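Breakdown of the fold
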Amino acid sequence: MEHPTDWSACPPTTDATLLIGRAREQSFLREALATAIGGHGRLVLLGGEAGIGKTTLAKDVAREATEYGAAALAGYCYDLTNTPPYGPWLDLAGAYRPTGALPSAPAAFAGGSLSGVASQAALFAEVDQFILDLVATRPAVVLLEDLHWADPASLELLRHIAPRIKALPLLLVVTYRVDELTRQNMFYQQFPALVREAEGLRLDLRRLDSEALRILVGVRFSLPPSDSERLVAYLEQHSEGNPFFATELLRALQEDSRLRFTDEGWSMSELDRFVMPSLLRQIIDARVARLGEHARQRLAIAAVIGQEAPLDLWATVAEIRQEELLATVEQAVEAHLLEAVTDGTRVRFAHALIREALYEGVLPPRRRIWHQQVAEALSAGSNPDPDAVAFHLQRAGDAEAVTWLIRAGERAQRAYAWLTAVDRFNTAARLLAGIAGQERMRGWLLLRIARLRRYSSPAESIADLEEAERLALRAGDTFLRADARYSQGLLLCYADDYVRGVRLLDEGIALHEARTDPDEVPFGPARLWLADALPPARFDPPAGVDEGEAVLRASGLHYRSASGSWPPALGGGLADAMRRGEAFVAAAETIDTPGDPVRVSTGHAYHGLGAVYAALGRPVDARDAFGRARAAYEVLEHHAVIAFSLLTEMRDVVIPYLADRPAERRRLAAEAETAIAHARGAFVLGMMPSLGRLCCLAIDGDWDEALRIIAETPPPGNGLLRREITETRAAIAYGRGAVDVVRAEVVSVLPEGPDTLPGNCIHQEALFLQRLAADVALDGGDLDDAHAWIESHERWLSWSGGVLGRADGQLLRARWHRAAGEISIARSRAASARAQAAAPRQPLALLAAERLLGLLALDLGETTTAERHLAAAVALADACATPYERALSLLALAEVRLASSQLDDAARLLDDVRTICLPLGAVPTLARAESLAARLSASPVAFPAGLSAREVEVLRLVTEGLTDREVADRLSISRRTVSQHLRSVYGKLDVPSRAAATRFAVEHNLT
């Protein structure tokens, strides 16, 4: 039977006794394997300390799988090295040998080297297809070893794949060391999500107890009972239940002849003198020493090379012939120190602990020389791995490590592994610290690091930019100085500090526009160094001055000038943002063949204009601008800002102006999710692409799913993505009556409450939260607090000159006047809100206005008018496909039907409200529905003199002798509303006073 790779590439267990004490774990793994072979894939996470037996168990189940005809693949992570982007997956692909109908490895990983990554989403899709093609031929087991040393991109790929295997015949086994995990460890951060999303089986291996050690001794040695117990006690003391240590101790005892086999059977000498302080190292040193000094030195060189040592590289560094080296390999394999990989070109240490012990046993000066030799040999190859070369040069203390670290970082950036790129550039910058003449290069590296982190941790990157600016001044680099200042402003805006951010942004742009020298960077194309695309689409731009930049300069602009548009636009500075954006695009549109910097900047200008036009009530212009922005971004595959433009368009255009086109918002949400997936490597580790659907889910009524996504998404670090979480969580919390959550979200954006000044956050987000805060205050009867929030909302709108939000503000005013008992004023405000919501048309605001007008008509006893308004509200809710708004409108309509004595209709409407609100968890609305249902059950078929249900409620309380204020408190309405109801009652009964109305109530059994 054909297999994709000979499993001896992941060597078999050399001693079956290593599985002693693991019956429970073997049972779980075999059950998982049987389930996977049956078509129900499983993720298993094997954890434990070094030497506990994780690899032994994993390879044992993989070998069993091959006996059933399954394919077996393995990839490894290694200590004492720089793990490249997608390291274990590259390792897996490098060892993969397809035969027969088996598919080829993903092209990006072919041959174990990373190349041709069009986008991270495309890479993930390619791996998905490879897995589907593989398991279409036979079941498969994939083993990923020592993921505690994995790079972030590898973990993202694992998290992508793991939940998708549930319907596939695939067992995915991951091993990790629990003693290596800290809060800073990437695998530690991803572990809970892996277990939850993929429903992973977690097996943490524990140390062997005395009974297991007794079985281990009994299986291997037929000793007298007293000797057997002495040996078990010795193993308990010195191995502490670690299977690898125990096995190595037994092997050492045999090699030292303290355990020996004679004609009379096994015997054991005294063990008391064999206590060692550095147990494992001494065991390994003793075993290596038996091979001779030459072998010891050669194995030490192999340990410096890595966990795997290519034979040609090893021979070069050791300066010996291949034949001599093979003799050493054979000895080491016999001594269980090495394992030969079946391709015949390399060997692997039998255990990471063996390599670590050998490595630490080499004196630092000697290690330094060998690392230098390894680096030189690797760099002389045809396609050197920059991560490997950089690692060895670092250990050698060679200044050339900086060059190779930059190459490694650039490779990671092109592969969408921005966190790995940041790590490499950070290391290079540290190596340059304090070196005279390297200030400029170090400044550029710090600038590049900060720009790579602008979407994930902008606030933490400001210090790097400040240092870059200081270094630029020292080096006389005017471009670096200007861009460091500009980038500080940009990152501050991303970190929700718009006041300082816009100021520094403007200062940086002014420095750029005042410069006369050409744009220069230390080496490589500027857009690669500045990380303006994700990744740069091309790496060989034509030489010479960019025509587009020259055209802009003639207009007094720099390509960075475009960013003077979108941050102010988001912050609410609409007039200035529009002036800047329109001036930039007017100049940019005269350029026939813009270069990448001009192209991406034009996208930024249109992005800002889209936000401006949306706020000014020009949705058609806004959509056109956002579309033009994305057209520019798409040429450069700049997926992060594509996502930002989609999210802004959805929040500020599609939801307010096109809510009655639900298919359109869902299309944008799907595109935003795809864009975030493409750009995932630029965001914080664990970013959920489904964040792009939050706004849609909230309106569509899928509240539990929205909150699940929020719970599984780490804090984005970036304000544009944080807005999605804040607005969604606040809106759902309000619908569910969780006012403390609403208040917390409001304070997070508006820390000074209603006194917060405009201009220092995302303007439309702040307006939304102000309205929500006013709603909470009105619901709680706090008219003073509500008034403060309404005035704040109006000040912010006046400051910005915006249109979007004015209709909603009028509705808040109407609600406030209603709560104050000023029904006629409230009605006028609600009518004004409806007019503003009609031009430009804003369906959700129209819906709310119609509903409020209906309630106000009901307050005045005008049931026919109320019915008309509420029917319009229900129709709008249906057109917008928003169940929560439909429930609120149906509840109001049920109140009208009750007042009109249409009791059966009212009951049916309340049933509909419950049907909608129960799955939503909309507790306040359900409570109002139950209160209305109680009134419904107590209501007569009809009331005399045309009295409404509310008027009868007021009249009954008056007959009890309650004052207007007491009636208002009992019914949770204002005193003025009570007075208005009483005037209506007097008119319908044609009576002049409370006393006369009371007599009527008694005579007609209304008490």
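Here the residue numbering is sequential within each chain, running from 1 through the sequence in written order. Residue-level local features of this predicted model are given only where pLDDT is at least 70; pairs of side-chain atoms are given and counted only at 80 or more, and the full residue set underlies all totals for whole chains, interfaces and linings. Side-chain metrics rest on all non-hydrogen atoms present in the structure, leaving aside hydrogens and water.

1. Examining the overall build of the protein chain
Helix numbering and strand numbering both begin at the N terminus, where a helix is a DSSP run of H or I of at least 4 residues and a strand a DSSP run of E of at least 2. Of regular secondary structure, the protein chain possesses 47 helices and 10 strands. A simple rule labels every residue: compare its accessible area, found with a 1.4 Å probe on the protein chains alone, to the largest value its type can have, and call it buried under 20%, exposed over 50%, or partly exposed in between. Split into buried and exposed, the 1007 residues of the protein chain put 59% on the buried side. The criterion used for residue contact is that any of the two residues' heavy atoms lie within 4.5 Å. Here the contacts in the protein chain between residues at least 6 apart in sequence split such that 70% fall between residues at least 24 apart. Working definition of accessibility: Shrake-Rupley area with a 1.4 Å probe, residue cover restricted to the visible protein chains. Accessible surface, the protein chain: about 38,500 Å² in total, of which carbon and sulfur atoms supply 52%. The charge count treats Lys and Arg as positive and Asp and Glu as negative. His and the chain ends do not count. The atom standing in for a charge is NZ when the residue is Lys, CZ when it is Arg, CG when it is Asp and CD when it is Glu. Distance between charge centres in the protein chain, computed from 108 positive and 133 negative side chains, equals 3 Å.

2. Quick notes on the packing of aromatic side chains
Each aromatic ring pair is summarised here by two numbers: the centre-to-centre distance and the angle between the ring planes. Pairing of aromatic rings covers Phe, Tyr and the six-membered ring of Trp, with a centre-to-centre limit of 6.5 Å; geometry is then stacked below 30 degrees between planes, edge-to-face above 60, and tilted otherwise. In total, this model carries 18 aromatic pairs according to the counting rule given. Look at Tyr-176 and Phe-187: their rings are 5.1 Å apart centre to centre, the planes differ by 45°, and that puts the pair in the tilted class. Of this pair, Tyr-176 sits in strand 4 (residues 170-177) while Phe-187 is found in helix 6 (residues 186-198), placing the two residues 11 residues apart along the sequence. With relative accessibility at 1%, the residue Tyr-176 sits in the buried group. On the basis of relative accessible area, Phe-187 is assigned to the buried category, the value being 0%. With 5.6 Å between their ring centres and 75° between their planes, Phe-187 and Phe-191 make a pair best called edge-to-face. Highlighted residues: Phe-187 and Phe-191, both in helix 6, separated by 4 residues, approximately one helical turn. The pair formed by Phe-187 and Phe-191 is uniform in burial state, with each residue classed as buried. An aromatic cluster is present here, built from Trp-418, Tyr-455, Tyr-494, Trp-566, Phe-644 and Phe-683 joined pairwise through their rings. Here the guanidinium or amino end of Arg-348 rests over the ring plane of Tyr-76, the centre of that ring lying 4.3 Å away. Lysine and arginine charges are scored as sitting over a ring when NZ or CZ, respectively, is within 6 Å of the ring centre and within 35 degrees of the ring normal. Just above the ring of Trp-404 sits the side chain of Arg-407; from NZ or CZ to the centre is 4.3 Å.

3. Some details on the side chain of Asp-227
Considering the arrangement of structural elements, one finds Asp-227 in helix 8 (residues 225-239). Given the relative accessible area of 14%, Asp-227 is considered buried.

4. Some words on unusual backbone geometry
That bond from Ala-839 to Pro-840 is cis: its omega, -5°, falls within 30 degrees of zero. Checked against the element boundaries, Pro-840 lands in the loop between helix 38 (823-838) and helix 39 (843-859). Notably, Glu-199 is not glycine yet its phi reads approximately 50°, a positive angle. Its location among the elements puts Glu-199 in the loop between helix 6 and strand 5 (201-204).

5. Describing the sheet that holds strand 1 (residues 42-48)
Here a strand pair is declared whenever DSSP counts at least two bridges between the two strands. Taken together, 5 strands build an open sheet; the order of strands is 2-3-4-1-5 and the sheet is parallel. The sheet is open, and its two edges are formed by strand 2 (71-76) and strand 5, each paired on a single side. Within this sheet the neighbouring strands show an average axis-to-axis angle of 15°, counted without direction. Bridge count between strand 1 and strand 5: 4 bridges; the pairing is parallel. Each bridged residue has a counterpart across the sheet, and for Leu-45 the counterpart in strand 5 is Arg-202. Axis angles are defined between N-to-C directions and span 0 to 180 degrees, where every axis is a line fitted to C-alpha atoms and, for a helix, only to the segment in contact.

6. Things to note about the pattern of salt bridges
One side-chain nitrogen of Lys or Arg within 4 Å of one carboxyl oxygen of Asp or Glu is enough to make a salt bridge. According to the stated counting rule, one finds 78 salt bridges in the structure shown. A salt bridge links Asp-905 to Arg-908; the shortest N-O distance between them is 2.1 Å. A residue pair is termed a helical-turn pair when its members lie 3 or 4 positions apart in one helix, as Asp-905 and Arg-908 do in helix 42 (residues 903-920) at 3 residues. Residue classification places Arg-908 among the partly exposed positions, given a relative accessible area of 49%.

7. A few points about the environment of Ser-222
With respect to the element layout, Ser-222 can be found in the loop between helix 7 (210-220) and helix 8. Along the sequence, Ser-222 and Pro-364 sit 142 residues apart, while their C-alpha atoms lie 45 Å from each other.

8. Structural notes on the environment of Ala-335
Mapped onto the elements, Ala-335 comes out in the loop between helix 13 (322-334) and strand 9 (338-340). Residue classification places Ala-335 among the buried residues on the basis of a relative accessible area of 11%. Note: C-alpha distance between Ala-335 and Arg-251 (84 residues apart in sequence) is 9.7 Å.

9. Describing the sheet that holds strand 8 (residues 308-310)
Ordered by their spatial adjacency, 3 strands build an open sheet running 8-10-9, and the pairing between neighbours is antiparallel. On the outer flanks of this sheet lie strand 8 and strand 9, each paired with one strand and no other. In this sheet, adjacent strand axes meet at a mean angle of 30° when their direction is disregarded. Pairing of strand 8 with strand 10 (residues 346-349), which is carried by 3 bridges, proceeds in the antiparallel orientation. Residue Pro-310 lies in a different strand from strand 10, and its bridge partner there is Arg-346. The sheet strands contacting helix 13 are strand 9 and strand 10, and the helix crosses strand 9 at an angle near 115°.

10. Looking at the side chain of Arg-22
If you trace the backbone, Arg-22 turns up in the segment before helix 1 (23-37). One buried charged side chain, Arg-22, makes no salt bridge at all; its nearest oppositely charged neighbour is Glu-25, positioned 4.3 Å away. Excluding residues that lie within four positions of it along the chain, Arg-22 makes contacts with Ile-52, Leu-57, Leu-205, Arg-206, Leu-208 and Pro-243.

11. Some details on the packing of helix 19 (residues 439-452) against helix 20 (residues 462-475)
In a packed pair of helices, the relevant descriptors are the angle between the two axes and the axis-to-axis distance. Orientation of helix 19 relative to helix 20, taken along the N-to-C sense of each, is 155°, at an axis distance of 8 Å. Between helix 19 and helix 20, the crossing angle belongs to the class labelled roughly antiparallel. Note that helix 19 runs across helix 20; the crossing there is left-handed. Residues Glu-439, Arg-440, Arg-442, Gly-443, Leu-446, Leu-447, Ile-449 and Ala-450 of helix 19 form the contact with helix 20, whose participating residues are Asp-464, Leu-465, Glu-467, Ala-468, Leu-471, Arg-474 and Ala-475. Amino acid classes used here: Ala, Val, Leu, Ile, Met, Phe, Trp, Tyr, Cys and Pro are nonpolar; Asp, Glu, Lys and Arg are charged; the rest, including Gly, are polar. Taken together, the residues of the contact of helix 19 with helix 20 sort by class into 8 nonpolar, 1 polar and 6 charged. With respect to orientation, any angle under 35 degrees is reported as roughly parallel, any angle over 145 as roughly antiparallel, any angle of 65 to 115 as roughly perpendicular, and every other angle as oblique. Two helices cross in a left-handed way if the nearer one is turned anticlockwise from the farther one by less than a right angle. They cross in a right-handed way if the turn is clockwise.

12. Points about the pairing of strand 7 (residues 265-268)
Looking at chain direction, strand 6 (residues 259-262) and strand 7 are connected through 4 bridges and run antiparallel. Bridge assignment links Arg-260 to a residue of strand 7, and that residue is Ser-267. Taking the residues that link successive antiparallel strands as the turn, the strand 6-strand 7 hairpin has 2 residues.

13. Re the nonpolar core
In these notes, a set of buried Ala, Val, Leu, Ile, Met, Phe, Trp, Tyr and Cys residues joined through side-chain atoms within 4.5 Å is what counts as a nonpolar core. With 217 residues, the main nonpolar core has Tyr-86 and Phe-109 as its most contacted residues. Looking at which element gives the most residues to this core, the answer is helix 29 (residues 639-657), with 12 residues. Among all residues touching Phe-109, those that are not within four sequence positions of it are Tyr-86, Trp-89, Leu-90, Ala-93, Leu-114, Leu-123, Val-127 and Leu-157. Membership of the second largest hydrophobic core comes to 39 residues, among which are Ile-305, Leu-313, Val-317 and Val-347.

14. A short note on the packing of helix 29 against helix 30 (residues 662-678)
Viewed as axis vectors pointing N to C, helix 29 and helix 30 meet at an angle of 160°, and their least axial separation amounts to 8 Å. Taken together, the axis directions place helix 29 and helix 30 in an arrangement best described as roughly antiparallel. Read as a crossing pair, helix 29 and helix 30 show a hand that is left-handed. Contact residues: helix 29 offers His-639, Ile-642, Ala-643, Leu-646, Leu-647, Glu-649, Met-650, Val-654 and Ile-655, while helix 30 offers Glu-664, Arg-665, Leu-668, Ala-669, Glu-671, Ala-672, Ala-675, Ile-676 and His-678. Here the contact of helix 29 with helix 30 is built from residues that sort into 12 nonpolar, 2 polar and 4 charged.

15. Quick notes on the state of the cysteines
Every disulfide links exactly two cysteines, by a covalent bond between their sulfur atoms. By disulfide we mean two sulfur atoms from cysteines, separated by a distance within 2.5 Å. In the structure shown here, the tally under the stated rule is 0 disulfides. Here Cys-761 stays free of any disulfide, with the sulfur of Cys-493 as its closest cysteine sulfur at 11 Å. Residue Cys-880 stays outside any disulfide, its sulfur separated by 12 Å from that of Cys-696, the closest cysteine. The exposure class assigned to Cys-880 is buried, which follows from its relative accessible area of 0%.

From the geometry alone we can't say anything about function, so treat these as descriptive.
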